[in-house]
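Okay, here's what each chain looks like letter by letter:
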Amino acid sequence: MMFHTLSAVTVALAASLSPQGVQVTPDVGPLHRAPDGAVPDGDPDRVRVSGQRLGADAVKEPRIETMKAVLARAAEWVQPAENRRVRNGRQGEWRVPSRKDRSFPASGTKCLINRWGDTSMGIGLGRERDVAQVMIARHGGAGIEAEAVRVLGFRAGVQVAVTPWLEAPGDAPRALRIDFRDVDRVVFEARPSATGAGYFAIDDLVLGGARGLTETLDFEDLTWDERPATTGYRGLDWEKGTGSFEPPAPRIVPAPREPVRPGLAPPGSESAMRGAGGGGTAPTLLRHFSGPRLGDPGAGFIPPDTCGAPGIDHFCAIVNQNLSIYEKATENRVLNVSLQNFWGATGSVGDPRIAYDFAHDRWCAIATDFGELLYFAYSLSADPTGAWFKASLDLAEGFDAGRWIDYPTLGVDSRGAFVEAYMVGSPARMSIFAIDTAPLRTSTPAVGTVTAFRNLTWDGAIQHASQVDDAGASWMVSTGSSAGLRLRRIDPPMTAPTLTSFSVGVPGYGEAPDAPALGSTVDINTGGTRLMNAAYAGGSIWTAHCVERGGRAAARWYEVDPTTQTLLQSGNVEDPSLHFYFPSIAADANGNVVMGFSGSDAQSFPSCYFTGRLSGDPSGEMAPAELYAAGLASYTLTDGAGRNRWGDYSLTSLDPVDGSFWTIQERTRNQSDSWITQIAQLEHSDCGQVETVCTAFPTPGGTFPTMVTSGSTSVTANDFALLATGVPPGQFGLFFYGRDPGFLVLGDGLLCIDQPLYRIMPVVQVSPFGVASLPLDLTSPPDPAGTISAGETWNFSFWFRQASPGGFNFAGGLGVTFCE
């Protein structure tokens, strides 16, 4: 409604008085020119830095391709038979957990785990040596860790020693005394869990050396995700596993209980829901339909990395490793191809993202080969089934030389496309790549300037705030600490952009536990605390992530003012039983919000949920979560680190045509261990909304005259009536209305409706109870300019005489939005 947007109008007015495209931020230091694109260590606040321009040779195989060429390539393609994110019979191997894994080292930050939970893992010592002790901890999701671990010693192929079992390894590493003499090989043996696997971690392995010296292997000199076998770490033979760890036959699962539908919470839960911030206004679910699923061309992976967005006529969904395009009008899938065929790649094409360019009506998509290459595509029109410009960008230059791309994120605005990524290596660092898209919209499309900002603090994920309306600069946000966000601003021009960082304090949070789900033998991995997405609208940045609340996973959201770098509001969406995870958020220019996410508990399968709020709702409040697509079967698909993977993200977006919202979320199919995505369209309609515009000044009798309505706000029904209460009895007055709110002290009252004003005849006498009323005939306005139509917001008040120096007063103003 009009009076919701006064703050946005103020921001817009201030912007109109400033130079085009410039935002002034106080206390920003002089420009720091970064060698090799590396910003100063620690990504310090308010230090403006330049980046490193990628060389022309970093752009590989630039070309324009039609979907006809993609489909021709797809016709010759053979779908791989196996899911390469699950074991498929492979044996385990020693590995340092990735930075994203939850691990429990005894010292430092690193340890080794038995990938795939292999129950028999050997280490060849190269010669006869003493082995003193090792620290053992659990690894993997609940229910998949080893029940016990022991060590066997060998000499010349013969077992010569064995330790007792170390029972129930936990989060706190415990010492296992080995005390083997003159062995040339040791084998770590795990007693498996009920799943057949037995995950564990080792650290601080103490070996005997020459002349009585000892050597402690703490693995701190390895990099994240490194396999020590590839380098022969410390001269040892880090063997492949030899255990048998197939899970038992599937168990029968009881029929599911459908997750509680918000607003229909169990008895006694209302106070808990309100305490969880459930006082907002829910959007209306318009429709939902199925998106890409496990088994579609290329989609043979866990997790799906759920992503998708609406355009003018289509909804594009992209997952590991599939691109599907749907007609919005019919919900028909008009394209269903693997990402290998879309980009013409022969290897992995994962961690995909897609976004709609509001400013130019184009599409932008990315993925990675999990090496140095970023696959990039930009459509040549608003039609995603038409031609695209495509290229591969080699990002491993300068400070990032020798590193590889993981978890890239994507955002677009009027200036360009922005890719943020964890560049895997030691130390852990992130990079931002700013891509000038203007040359892509010329008659000879080409990648514009690509500027890299490297050596950024590792924040899990940096999310670009995709812009519905122009912010004058490009904004990114990440989790700077457990009680703060880190804002980053990239200022134009895109041929020589600069980066500045800022810190914003937020309520503290902790990492959520994994989420139980009906029939899952390992809890669903909830993805950590990294932000899932961000959006800029109406002068604010909105973002969301998963946090711990009361021992469960909950969806936390924030509204941040980027101009002042302050938190405007935040809230949690939580439930007394359900866990919520992988939330994504979108907002419109009026501050209306929708958030989508997954949810489950021990009595429900992983399912799709949404919530939302209107700009006028109480600060920090969203509506209780609503189920829109229930999961239909159990899900247990663990990766090599023992995590029951889900997500790794989702996306909620604003429709560029009608301002509705779309979200794409993951649920389980009607067969066990199989995922499918579900696409939903929702809207926040102000239709029928009635809100106070201003409060009246008091009458001589001390009352505050108030406006209320009766009947409906339907133009077709035409039964709308106005009432003014708390007015001096017996006085005469007039109802009147206007389009816009205002503020003018007049007589002895406050006129809060701006000119022009339309008087509604006849004059009304106030009843002995202080009430004046009048039905409003919408078919007969007092002036043609005052015609009220569906979808419009008008403001109403009441003028009346009173015994006071000014002689008259006004009732408080009321804003009303009318419907069909």
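Residues numbered from 1 in each chain as written. Predicted model: local features only at pLDDT ≥ 70, side-chain atom pairs only at ≥ 80, totals over all residues. Heavy atoms only, no water.

1. Considering the overall build of the chain
And step 1. Along the backbone of the chain there are four helices and 52 strands.
And step 2. For the chain, with 820 residues in total, the buried portion stands at 57%.
And step 3. Considering only intrachain contacts with a sequence separation of at least 6, the fraction spanning at least 24 residues in the chain is 65%.
And step 4. Accessible area of the chain: about 30,100 Å², with a carbon and sulfur share of 53%. (Helix = DSSP H or I, 4+ residues; strand = E, 2+ residues; numbered from the N terminus. Buried < 20%, exposed > 50% of the residue type's maximum accessible area, 1.4 Å probe, protein only. Contact = heavy atoms within 4.5 Å. Areas by Shrake-Rupley, 256 points an atom, 1.4 Å probe, with all protein chains shown as cover.)

2. Description of unusual backbone geometry
Most peptide bonds take the trans configuration, and most residues that are not glycine carry a negative phi.
And step 1. Note the cis peptide between S426 and P427, where omega equals 0°.
And step 2. Residue placement: P427 occurs in the loop between β24 (416–424) and β25 (429–436).
And step 3. In this chain, P492 is followed by P493 through a cis amide linkage whose omega measures 10°.
And step 4. Relative to the elements of secondary structure, P493 occurs in the loop between β29 (484–491) and β30 (498–505).
And step 5. For D351, which is not glycine, the phi dihedral falls at a positive 50°.
And step 6. For D351, the position within the fold is in strand β19 (residues 350–357).
And step 7. The backbone of N455 shows a phi angle near 65°, a positive value even though the residue is not glycine.
And step 8. Positionally, N455 belongs in strand β26 (residues 450–457).
And step 9. Among the residues examined, N455 registers a relative accessible area of 4% and is labelled buried.

3. Notes on the pattern of salt bridges
And step 1. Summed over the entire model, instances satisfying the criterion amount to 32 salt bridges.
And step 2. For R739, the salt bridge identified is with E792, shortest N-O distance 3.4 Å. Here the residue R739 occupies a position in the loop between β45 (732–738) and β46 (741–746), and E792 occupies one in the loop between β49 (772–775) and β50 (793–801), the gap between them amounting to 53 residues.
And step 3. The partly exposed category is assigned to R739, whose relative accessible area is 38%.
And step 4. Overlapping salt bridges bring together R530, D639, R643, R645 and D648 as one network. (Salt bridge = Lys/Arg side-chain N within 4 Å of Asp/Glu carboxyl O.)

4. Describing the state of the cysteines
And step 1. In the structure shown here, the tally under the stated rule is one disulfide.
And step 2. The partner cysteine of C694 in its disulfide is C752, sulfur to sulfur 2.0 Å. In this structure, the disulfide formed by C694 and C752 twists by about -60° around the S-S bond and is classed as left-handed. Here the residue C694 occupies a position in the loop between β42 (690–692) and β43 (706–710), and C752 occupies one in strand β47 (residues 749–753), the gap between them amounting to 58 residues.
And step 3. Residue C752 is classed as buried on the basis of its relative accessible area of 2%. (Disulfide = S-S within 2.5 Å.)

5. A word on the sheet that holds strand β31 (residues 533–537)
And step 1. Judged by pairing direction, the sheet is mixed, and its nine strands sit side by side in the order β1-β30-β29-β28-β27-β31-β32-β33-β34 without closing on themselves. Edge positions in the sheet fall to β1 (49–50) and β34 (566–573), since each has one partner strand and no second.
And step 2. The pairing of strand β27 (residues 463–467) with strand β28 (residues 474–481) spans two bridges and is classified as antiparallel. Residue pairing for β28: H464 is matched across the bridge by M476. (Pairing = 2+ DSSP bridges.)

6. Observations regarding the packing of aromatic side chains
And step 1. For the coordinates displayed, the defined rule picks out 36 aromatic pairs.
And step 2. Between F219 and Y233, the ring centres sit 6.0 Å apart and the planes meet at 40°, which makes this aromatic pair tilted. Of this pair, F219 sits in the loop between β12 (214–217) and β13 (237–238) while Y233 sits in the loop between β12 and β13, and the two are 14 residues apart along the sequence.
And step 3. Between Y581 and F582, the ring centres sit 6.2 Å apart and the planes meet at 80°, which makes this aromatic pair edge-to-face.
And step 4. Look at Y581 and you get buried, because its relative accessible area is 0%.
And step 5. Aromatic rings pair up to connect W94, F188, F200, F219, Y233 and W238 into one cluster.
And step 6. In this structure, K110 is placed above the aromatic ring of W224, and the distance from its NZ or CZ to the ring centre is 4.7 Å. (Phe/Tyr/Trp six-rings, centres within 6.5 Å; stacked < 30°, edge-to-face > 60°. Lys NZ or Arg CZ within 6 Å of the ring centre and 35° of its normal.)

7. With respect to the side chain of Q52
And step 1. For Q52, the position within the fold is in strand β2 (residues 52–53).
And step 2. A relative accessible area of 17% means that Q52 is categorised as buried.
And step 3. Only 3.0 Å separates the side chain of Q52 from the side chain of R454, close enough to count as a polar contact. (Polar contact = N/O pair within 3.5 Å; in protein donor to acceptor, adjacent residues only side chain to side chain.)

8. Comments concerning the environment of S426
And step 1. If you trace the backbone, S426 turns up in the loop between β24 and β25.
And step 2. For S426 and W224, which are 202 residues apart along the polypeptide, the C-alpha to C-alpha distance reads 7.4 Å.
And step 3. Setting aside residues up to four positions removed in sequence, S426 forms contacts with T223 and R403.

9. What to know about the side chain of S600
And step 1. By secondary structure assignment, the location of S600 is in strand β36 (residues 593–601).
And step 2. A polar atom in the side chain of S600 sits 2.8 Å from the side chain of Y581.
And step 3. Contacts of S600, omitting those with residues within four sequence positions, involve A515, P516, A517, L578, H579, Y581, F605 and P606.

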